[in-house]
Amino acid sequence: MKTIKPAILFLILLSTVLFVSCDKNGNFLLFSVQNDIDLGAQVADEIASDPTQFPILPRINTTNCPHCFDAYAYLDNMVDAILSSQDVAYRNEFAWEVHLIDNDEILNAFATPGGYIYVYTGLIKFLEQADDLAGVLGHEIAHADQRHSSKQLQRQYGVSILLSIILGEEPGQLTEVAGTLAGTLGTLSFSRSLESEADEYSVIYLSETDYACNGAFSFFQKLIDLEQTGGTPEFLSTHPDPSTRVEAINEKASEIGCSTEVISESSPTYDNFRFDLLPD
Ligand SMILES: [Zn+2]
């Protein structure tokens, strides 16, 4: 800060505000799209460097995961179908890398800024239909594409820290934020309005695929059923009020008139994927 005069700082800030800091809906956002991309890559590095907390399955076949290559091929195919939606704004800019975390006990998925998506094997084994998983992936893709983490960070860290990251004054700070984010993403709560937005975009994205556009509905419905039998899935702690969301998802589906018919798959099917391709 010592070498930057206030007037110049003001100009930089102004240019940031004018050119790179509004999302598609015109909301003020200090982080640029490039900041999202850089932060996402850092967070992905942090996650990859912590295999104890995040035992990520490899993209190649190994002794422990003899069908990992095909498992990822199935998952990538689903992600690509969702990303082909015209409504994914940063389809070409973000990384859109999906990773499987090998933990059958955890029913969760999360996304970093810049499009790194993480799905626990526990969630996949819990979901019975491809459409349900597509619904969750659509929801997570929306969190990244709508830049919800950046909005959350802005609220959490305040403008001055983010500004010093943007100005490159303290290079260590991006790593620090990335580290914190890596540790908290799975438990990061977005505001109710951001959650509804992610649910709605899930329906919009899936409406352009062969998957039932309300796939996220049956996912939440399953969570409600599980909760009633005494289970507490991680996803519900960060995604409250599932019954209202089920209604809102179905309302969105009827509003845009998209197909809610469950997809019919040829081999490999979703059941092949979760029972044969993923490790036990
Ligand atoms: Zn969410």
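Residue positions within a chain follow its written sequence, with the count starting from 1. Restriction of local features to residues with pLDDT of at least 70 applies here, the model being predicted, together with a cutoff of 80 or more for giving and counting side-chain atom pairs; totals for whole chains, interfaces and linings are based on all residues. Computation of side-chain values: all heavy atoms of the structure, hydrogens and water removed.

Here we look at the packing of aromatic side chains
To pair, rings of Phe, Tyr and Trp, with the six-membered ring standing in for Trp, must have centres within 6.5 Å; the planes then decide the type, stacked if under 30 degrees apart, edge-to-face if over 60, and tilted in the middle. Taken as a whole, this structure holds ten aromatic pairs when the rule is applied. Relative to F273, the ring of Y270 lies with its centre 6.0 Å away and its plane at 45°, an arrangement referred to as tilted. One end of the pair is Y270 and the other is F273, both in helix α12 (residues 270-277) and three residues apart, which spans about a single turn. Both residues of the pair, Y270 and F273, count as buried. By way of ring pairs, the aromatic residues F54, F110, Y118 and Y120 are connected into one cluster. Two conditions define a charge located above a ring, namely a distance within 6 Å from the ring centre to NZ of Lys or CZ of Arg, and an angle within 35 degrees of the ring normal. Positioned over the ring face of F126 is K222, at 4.7 Å from the centre of the ring. Only DSSP runs of H or I reaching four residues or more are called helices, and only runs of E reaching two or more are called strands; each is numbered from the N terminus. Exposure categories follow from relative accessible area, calculated using a 1.4 Å probe and restricted to protein chains: below 20% of the type maximum is buried, above 50% is exposed, and the middle band is partly exposed.

Some remarks on the state of the cysteines
Disulfide assignment relies on a single distance test, namely cysteine sulfur atoms paired within 2.5 Å. A full pass over the atoms with the stated rule returns two disulfides. At a sulfur-sulfur separation of 2.0 Å, the disulfide partner of C65 is C68. Torsion about the S-S bond of the C65 and C68 cystine: about 90°, corresponding to right-handed handedness. Residue C65 shares its accessibility class with C68, and that shared class is buried.

Description of the sheet that holds strand β3 (residues 116-120)
Strands are labelled as partners when DSSP assigns at least two bridges between them. Here three strands make up an open sheet; going across it, the order is β1-β3-β2 and the pairing mixed. Two strands lie at the open edges of the sheet, namely β1 (97-101) and β2 (109-111), each paired on one side alone. Within the sheet, the average angular offset between the axes of one strand and its neighbour, ignoring direction, is 15°. Pairing geometry for β1 and β3, over five bridges, is parallel. Bridge assignment links L100 to a residue of β3, and that residue is V119. Across the sheet, helix α2 (residues 33-48) touches β2 and β3, and the angle it forms with β3 is around 35°. Axis definition: a line fit to C-alpha positions, over the contact stretch in the case of helices; interaxial angles, taken between N-to-C directions, run 0 to 180 degrees. Whether two residues are in contact is decided by their heavy atoms, any of which lying within 4.5 Å being enough.

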